[in-house]
Amino acid sequence: MCSHQPACPTADSPCHHTAVIVSAHPEQGWSLLCNGTIVFDDTGELLPDGRVVSPHRTPGALAAAA
């Protein structure tokens, strides 16, 4: 999916969430990355192969959001 240089990390890379956003939908709470990963505002992710990454907020982030 990634056509720019340098190429973004693949969806199975540990740093896959650093890929470029190709479609942002903040009104719906999600963005599509160029490696096919969908990231959600709650920090959850849906990988291109259908695997789900649960939200992974830190305790400090939860306190700041309240």
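Our subject in this report is the structure included herewith. These numbers were taken from a predicted model, which means no experiment stands behind them.

### Describing the pattern of salt bridges
Two side chains with opposite charge may pair up if their charged atoms get near one another.
Okay, so step 1: If you walk through the whole model with that rule in mind, you get one salt bridge.
Okay, so step 2: The salt bridge partner of Asp-49 is Arg-51, with a shortest N-O separation of 2.7 Å.
Okay, so step 3: Residue Asp-49 is classed as exposed on the basis of its relative accessible area of 52%.
Okay, so step 4: Judged by its relative accessible area of 45%, Arg-51 falls in the partly exposed class.

### Re the pairing of strand β2 (residues 30–33)
Okay, so step 1: Side chains of β2 alternate between two faces, with Ser-31 and Leu-33 buried and Trp-30 and Leu-32 left unburied.
Okay, so step 2: Between strand β1 (residues 21–25) and β2, which follow one another and run antiparallel, lie four residues, and Gly-29 among them has a positive phi close to 85°.
Okay, so step 3: Bridge count between β2 and strand β3 (residues 38–40): three bridges; the pairing is antiparallel. The residue of β3 that forms the bridge with Ser-31 is Val-39.
Okay, so step 4: Between β2 and β3, which follow one another and run antiparallel, lie four residues, and Gly-36 among them has a positive phi close to 90°.

What counts and what doesn't
Residues numbered from 1 in each chain as written. Predicted model: local features only at pLDDT ≥ 70, side-chain atom pairs only at ≥ 80, totals over all residues. Heavy atoms only, no water. Salt bridge = Lys/Arg side-chain N within 4 Å of Asp/Glu carboxyl O. Buried < 20%, exposed > 50% of the residue type's maximum accessible area, 1.4 Å probe, protein only. Helix = DSSP H or I, 4+ residues; strand = E, 2+ residues; numbered from the N terminus. Pairing = 2+ DSSP bridges.

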